[in-house]
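# Fold and contact review
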Amino acid sequence: MVALLVVASLALLSIYFRESGGGRIHSLQSRGAAVLRPFEVAGDRIARPFEDAASWFGGLLDAKTENAKLRKQRDAWRQLAIQRRTALQENARLRALLAYRDSPRFPKNYRGLAAAVLSRPPSQLTQQIVVAAGSTDGVLLHAPVVTEDGLVGLVTLVGRNQSQVTLLTDDTSAVSVVDLRTQASGILHHGDSVDRVTKDEVVDAGDTLVTAGWHDGKLSSLYPKGIPVGTVTSAGQRDIDAYKTVAVTPFVDFSSLQSVLVLVATEPVR
Amino acid sequence: MLVAAKAAVVVFVAAILQASVFSSISILHGTPDVLLVVLIAAALLRGSLVGAAAGFWGGLLIDTENLATLGVTSLLLTIVGYWAGRYGETTGRDRSHAPFVAVGIITVLYAFGALFLHFVLDQPAPARTVLVDTLFQTIGLNLLVTWPVYAFVRRLLPPAERPERVQGVELLG
């Protein structure tokens, strides 16, 4: 009996292969399929609600899984976007610094050492920052620090890989400056007022102040000549005072410093 | 005769459901083969002859429904039914794990057999898809439906009465 069934199967197989598409077995199969079709449709209709329910639950599970996956992807992309934006901003800042270093405005006999700002003043009491360049990079004590906007301050402590910079706005800061238009000179204190401007000198609001960069015999200013410092916002004088009262707004925005150039002398400063 | 008719109806329903419902269920890329499980259950319960005949009938139905090469599935399922029946009559007799063992092994052998036949007949035989991507899932799903299917088939086709095993031999002479 079993052998008979196997032989029948093989015979069916052989005949099916031998005959053409319109042969007897093919047409029988086609009729058989037509007969079975209603049963299949009935089976499908009976099972449809269960299939739909299963599909709904499956879809829900898939959606949850996909949702979690997409959230992960979104977070990763967001992180990447932030990194890219930060990198772009840093790139722009460094390009600006580079452009300044290569421009004629950059002090002669100095090279600019680009350094990222590692920490900013924690409060108004401390006007110092820490930059990522130290003695191993060639930073020296009292090296001037600038950005493309102007003077930032002076290196007051040098570590191996980082240095402390005292900002122009610090109480101890004093810089010799000159009025670019009238050559009136004075000393800028904590970044916002100029002292020692005699009454016969002319200083007006809107004038640009730059570092004086003086030298007298063996003594010389710590700052090279011609670094932009700030704009005069008001200038006045009183009869009881020996000098003019000059208020200044620095060019540099000290609250948003990201990177700076530490000036390293290429020749001994005279 | 009644048993044969019942078996034919059970296999017919299983083949219809397999083609219209279960073949569209895909869980982790695997599809349960309920017809195969029903056939194995019927063969284990009613013996190799019923198994072979049910396999031939089931294969014929599946090939007709799918307009596939007539005889291919019949040949495979006839052998499956016969083998499962013989297993039920001999080693697997009265053993509760027999359906699971038979379903697990036959699912693998059936996949290999189908691949071989398709290959010989110069029909598409994606070995990687059948043996690597879906076989384990199909085994799992078939094993999952084995117990309910076996219980259901057992209600419809109760096991045939078998003569008691020989307990001892008395030597004469």
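Preceding this section is the structure that the text describes.
Residues numbered from 1 in each chain as written. Chains lettered and ligands numbered in written order. Predicted model: local features only at pLDDT ≥ 70, side-chain atom pairs only at ≥ 80, totals over all residues.

Each side of the interface is counted separately: chain B has 22 residues, and chain A has 20 residues. Where the side of chain B that touches chain A is concerned, the elements lending two or more residues are α1 (2-20), α3 (48-66) and α4 (72-89) of chain B. Examining the composition of the side of chain B that touches chain A, we find that eight residues originate from one element, α3 of chain B, more than from any other. Of the residues contributing to the side of chain B that touches chain A, the split by class is 14 nonpolar, seven polar and one charged. (Contact = placed C-beta atoms within 7 Å. Helix = DSSP H or I, 4+ residues; strand = E, 2+ residues; numbered from the N terminus. Nonpolar A, V, L, I, M, F, W, Y, C, P; charged D, E, K, R; others polar.)

Now for the nonpolar core. Val11, Val38, Leu39, Ile40, Ala41, Ala42 and Val80 of chain B are the most contacted members of the largest nonpolar core, which has 52 residues in total. When residues of this core are assigned to their parent elements, the largest contribution, twelve residues, is made by helix α2 (residues 34-46) of chain B. Sequence-distant contacts of isoleucine 40 of chain B, that is, excluding residues within four places in its chain, are made with Ala84, Pro99, Ala102, Val103 and Ile106 of chain B. Counting residues in hydrophobic clusters, the runner-up holds 42 residues, among them Val139, Val146, Val165 and Val210 of chain A. (Core = buried A, V, L, I, M, F, W, Y, C linked by C-beta atoms within 7 Å. Buried ≥ 20, exposed ≤ 12 C-beta atoms within 10 Å, placed from the backbone.)

Quick look at helix α1 (residues 2-18) of chain A now. With 17 residues, α1 of chain A should reach 24 Å at 1.5 Å per residue; the first-to-last C-alpha distance of 24 Å fits that figure. Close packing links the buried residues of α1 of chain A with α2 (24-102) of chain A together with α3 and α4 of chain B. (Expected span 1.5 Å × (residues − 1).)

This brings us to unusual backbone geometry. All names here are of chain A. The phi torsion at histidine 142 lies on the positive side, around 70°, for a residue other than glycine. Examined against the element boundaries, histidine 142 turns out to sit in the loop between β2 (128-131) and β3 (144-146). Residue classification places histidine 142 among the exposed positions, given that 12 C-beta atoms sit within 10 Å. Look at arginine 196: it is not a glycine, yet its phi comes out positive at around 65°. Its location among the elements puts arginine 196 in the loop between β8 (193-195) and β9 (208-211).

With that out of the way, let us pick up the sheet that holds strand β14 (residues 259-265) of chain A. Residue and element names in this part refer to chain A. On the basis of which strands lie adjacent, the closed barrel formed by six strands has the order β1-β2-β5-β4-β3-β14 and antiparallel pairing. Averaged over all neighbouring strand pairs, the angle between strand axes comes to 45°, with direction disregarded. Note that β2 and strand β5 (residues 163-167) share four bridges and pair antiparallel. Within β5, the position partnered with isoleucine 129 by the bridge is valine 165. (Pairing = 2+ DSSP bridges. Axes fitted to C-alpha atoms, helices over the stretch in contact; angles between N-to-C directions.)

Attention now goes to the packing of α2 of chain B against helix α5 (residues 98-120) of chain B. All names here are of chain B. At a minimum axis separation of 10 Å, α2 and α5 run at an interaxial angle of 130°. What the angle tells us is that α2 and α5 run oblique. In this structure, the crossing between α2 and α5 has a hand that is right-handed. Here Leu36, Val37, Ile40, Ala41 and Leu44 of α2 come into contact with α5, specifically with Ala98, Pro99, Ala102, Val103, Ile106, Thr107 and Tyr110. Its residues placed into classes, the contact of α2 with α5 shows eleven nonpolar, one polar and no charged. (Parallel < 35°, antiparallel > 145°, perpendicular 65-115°, else oblique. Left-handed = near helix turned anticlockwise from the far one by under 90°.)

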